[in-house]
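Here are the chains, one letter per residue:
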Amino acid sequence: MTNVTNKLYKFLNNEKDERICTDISDEACKYAPKNYFLILFSSVFTKLGDALSNPKTVLTWVMSFVNAPVYLISFITPIRESFSMIPQVALSDFVKSKEKRKWLWIFGSFCQFLAIASIGFIALTFKGVTAGWFIILALVFFSLARSICSLSSKDVLGKAIPKTRRGKLKGYTVSVSGILVTAIGVFLLYKSKTEASIQFYSYLIFFASILWLIAAIFYSQIKEFPEANQQNKKSSQGIISKMSLLKTDKQLRNFIVARSLLLCSALSSPFYVLLAQNYLGKDVFLLALFIIANGIASTISAPIWGKMADLSSKNVMTISVLIASLLGIIMFIIAIYPSNLRTSLWVYPTAFFILGIAHGGVRLGRKTYIVDMAEGDKRIDYVAVSNTIIGLILLVTGGLTALISIISIEVIILALSILGLIGVLKSYKLPNVE
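Calculation notes
- Residues numbered from 1 in each chain as written.
- Predicted model: local features only at pLDDT ≥ 70, side-chain atom pairs only at ≥ 80, totals over all residues.
- Heavy atoms only, no water.
- Helix = DSSP H or I, 4+ residues; strand = E, 2+ residues; numbered from the N terminus.
- Rg over C-alpha atoms; globule rule 2.2 N^0.38 Å.
- Buried < 20%, exposed > 50% of the residue type's maximum accessible area, 1.4 Å probe, protein only.
- Contact = heavy atoms within 4.5 Å.
- Areas by Shrake-Rupley, 256 points an atom, 1.4 Å probe, with all protein chains shown as cover.
- Lys, Arg positive; Asp, Glu negative; His and termini not counted.
- Charge placed at Lys NZ, Arg CZ, Asp CG, Glu CD.
- 1 Å grid on protein atoms, 1.4 Å probe; cavity = no way out; pocket = protein on both sides within 12 Å on 5 of 7 lines; lining within 4 Å.
- Points joined across faces, edges and corners; volume = space filled by probe spheres on them.
- Nonpolar A, V, L, I, M, F, W, Y, C, P; charged D, E, K, R; others polar.
- Phe/Tyr/Trp six-rings, centres within 6.5 Å; stacked < 30°, edge-to-face > 60°.
- Lys NZ or Arg CZ within 6 Å of the ring centre and 35° of its normal.
- Salt bridge = Lys/Arg side-chain N within 4 Å of Asp/Glu carboxyl O.
- Arc of directions from axis to C-beta.
- Expected span 1.5 Å × (residues − 1).
- pLDDT = per-residue confidence, 0-100.

Points about the overall build of the protein chain
1) Next: When you go through the protein chain residue by residue, the secondary structure sums to 19 helices and zero strands.
2) Next: In summary, the protein chain has a C-alpha radius of gyration of 21 Å against a globular reference of 22 Å for 434 residues, a match within 12%.
3) Next: For the protein chain, the proportion of its 434 residues judged to be buried stands at 60%.
4) Next: Of the contacts made within the protein chain by residues no fewer than 6 positions apart, 88% connect residues no fewer than 24 positions apart.
5) Next: Total accessible area computed for the protein chain in this model is approximately 17,500 Å², and 67% of it derives from carbon and sulfur atoms.
6) Next: When the 44 basic and 23 acidic side-chain charges of the protein chain are each reduced to a single mean position, those positions are 4 Å apart.

Brief notes about empty space enclosed by the protein
1) Next: Counting across every chain of the model gives two cavities of 30 Å³ or more.
2) Next: By volume, the largest cavity is sized at about 1,200 Å³.
3) Next: Lining the largest cavity are 49 residues, with Lys-47, Asp-50, Arg-146, Arg-363 and Lys-367 sitting closest to its centre.
4) Next: Counting only elements with at least two residues in the lining of the largest cavity, the list comes to helix 3 (32-52), helix 5 (70-82), helix 7 (102-125), helix 8 (128-160), helix 9 (166-191), helix 10 (198-219), helix 16 (284-336) and helix 17 (347-373).
5) Next: Top element by residues in the lining of the largest cavity is helix 17. It accounts for nine residues.
6) Next: Partitioning the lining of the largest cavity into residue classes produces 17 nonpolar, 20 polar and 12 charged.
7) Next: Considered as a void within the structure, the second largest cavity measures approximately 150 Å³ in volume.
8) Next: Residue assignment for the lining of the second largest cavity shows that the elements contributing at least two residues are helix 5, helix 14 (264-267), helix 17 and helix 18 (376-407).
9) Next: A per-element tally of the lining of the second largest cavity places helix 17 first, with four residues.

Section: the packing of aromatic side chains
1) Next: Taken as a whole and assessed by the stated rule, the structure comprises 13 aromatic pairs.
2) Next: On the basis of an interplanar angle of 5 degrees and a centroid distance of 5.4 Å, the ring pair of Phe-255 and Tyr-369 is categorised as stacked. One end of the pair, Phe-255, is in helix 13 (residues 250-261); the other, Tyr-369, is in helix 17, and 114 residues separate them in sequence. Tyr-369 matches Phe-255 in its accessibility class, with the two residues each being buried.
3) Next: For the ring pair Phe-290 and Phe-352, a centre distance of 5.0 Å and an interplane angle of 80 degrees mean the geometry is edge-to-face. Residue Phe-290 is found in helix 16, and its partner Phe-352 is found in helix 17; the two are separated by 62 residues along the sequence. The burial state of Phe-290 is the same as that of Phe-352; both residues are buried.
4) Next: By the ring-pair criterion, three or more aromatic residues cluster together here, those being Phe-41, Phe-45 and Phe-218.
5) Next: Sitting over the ring of Tyr-31, Lys-223 keeps its end group 5.8 Å from the ring centre.
6) Next: Looking at Lys-314, its charged tip hangs above the ring of Tyr-428, at a distance of 4.7 Å from the centre.

A word on the pattern of salt bridges
1) Next: Throughout the structure, instances matching the rule amount to five salt bridges.
2) Next: Between Arg-146 and Asp-50 there is a salt bridge; the shortest N-O distance is 2.9 Å. Here Arg-146 is found in helix 8, whereas its partner Asp-50 is found in helix 3, with 96 residues between them in sequence. Grouping residues by exposure puts Arg-146 and Asp-50 together as buried.

Topic: the layout of surface pockets
1) Next: Volume-wise, the second largest pocket comes out at about 220 Å³.
2) Next: What lines the second largest pocket is a set of 14 residues, among which Leu-267, Thr-397, Thr-401, Leu-416 and Leu-419 lie closest to the centre.
3) Next: The leading source of residues in the lining of the second largest pocket is helix 18, at five residues.

Notes on helix 6 (residues 88-96)
1) Next: Residues of helix 6 that are buried include every one of Gln-88, Val-89, Ser-92, Asp-93, Val-95 and Lys-96, and no others. The buried residues of helix 6 occupy an angular sector of 160 degrees when the element is viewed end-on, so they sit on one face.

Regarding helix 15 (residues 269-280)
1) Next: Here helix 15 contains 12 residues, and its C-alpha end-to-end distance of 17 Å stays within 8% of the 16 Å for a straight helix at 1.5 Å per residue.
2) Next: Of all 12 residues making up helix 15, nine are buried, and the element is well covered by its neighbours.
3) Next: Every buried residue of helix 15 is accounted for by Ser-269, Pro-270, Phe-271, Tyr-272, Val-273, Leu-274, Leu-275, Ala-276 and Gln-277.

Observations regarding the environment of Asn-3
1) Next: With respect to the secondary-structure elements, Asn-3 resides in helix 1 (residues 2-12).
2) Next: Residue classification places Asn-3 among the exposed residues on the basis of a relative accessible area of 56%.
3) Next: Residues Asn-3 and Pro-33, spaced 30 residues apart in sequence, show a C-alpha to C-alpha distance of 9.8 Å.

Section: the environment of Leu-38
1) Next: Within the secondary structure, Leu-38 is located in helix 3.
2) Next: Judged by its relative accessible area of 10%, Leu-38 is buried.
3) Next: When the C-alpha atoms of Leu-38 and Lys-223 are compared, they prove to be 9.4 Å apart, with 185 residues separating the residues in sequence.
4) Next: Apart from the residues within four sequence positions on either side, Leu-38 is in contact with Phe-218, Gln-221 and Ile-222.

What about the confidence of the model for the protein chain?
1) Next: Scored by pLDDT, the protein chain has a mean of 84; 92% of the residues are at 70 or more.
2) Next: Confidence, read as mean pLDDT per element, is least for helix 11 (residues 239-243) in the protein chain (71) and greatest for helix 7 (94).
3) Next: Confidence drops under a pLDDT of 50 for residues 228-236, and excluding neighbours within four residues, the segment shows 15 contacts in the predicted structure.

Below, the structure written as structure tokens:
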């Protein structure tokens, strides 16, 4: 089995001679192929769970179905993302105090299972504003658990997998999960003829929650070795000391500015769904098309983004946010001018497909960039400070989009696209770190 794993690892990463491990320990290098596939499998299951409980599609649809108000729907993406980021600077010392950080990820994965399962129960039991607020609370719990997973996973990835392999790993992960998401979308398309009840959506969410448990089982098998400078080491850096990196580290500061402007791809997604509901209705058929579009987008684009990210992750961020921004401007024009286009069934899934390609590039590019930008415990500090700042920005922009959504969904898409164009320039100016 080990020989098969090694051969497949070399094939996927185009290795012909000796394994290249310049930035991880010799022990970790020995187990790199096994860890590569364990991380891949666990990530596939969490990404599949994410897709089936996605705030941009499924949760937006479910909240609309139970008649939750639009302002609460506007908050679900910012809250899910921000509350997974803001606590990280406070949690980073706790994570660094542990020699083996995979167990933190496993604990966080179990908590995410509980949170998503509770959303399925809420959707079955409550309606309107009450359902909306309870789902928001469950998302807060989910995001806090995700916070620990985010910190620990990037550190485990950095210690277990060498540079120039991490982008491909993320690309393959997204691609495989994209195939599975597409298959589930096809199943929903088939069931749309007979199913349109809240029970159907709730069971879908219950199924999604179980995937975090399966992922935890795979992750527990990872062979993790503490780096030499991490063994028996307790960090005493305070939050203020970590945040001072914004002042002293120009590269990190520029990355955070660029990353904050890349948020347009994530924040605009729910409004594409709401636009479709406004003009086409709330059929399961339409939700299935959105899920299929997103799955195919991931499957096609992720391997390409992954290979590009191993060469230049900042170029991946630049290109992908440019695609998202131009798409948003086009969708704004389609939405504000009365025509057959804005009531055409194919327009919204097609737009969501393109947005899925762009958002996949944004996520993969910025994740690869920050992991490659630093090493050891410094990587945890970089991730923590970056995510905390972005989380705060998400809360502010979430509040603004919630207010604007009461007036116009189309204006939100345009505003986010303009910010994305500024992000194109900022991303392009970042130095290469590969």
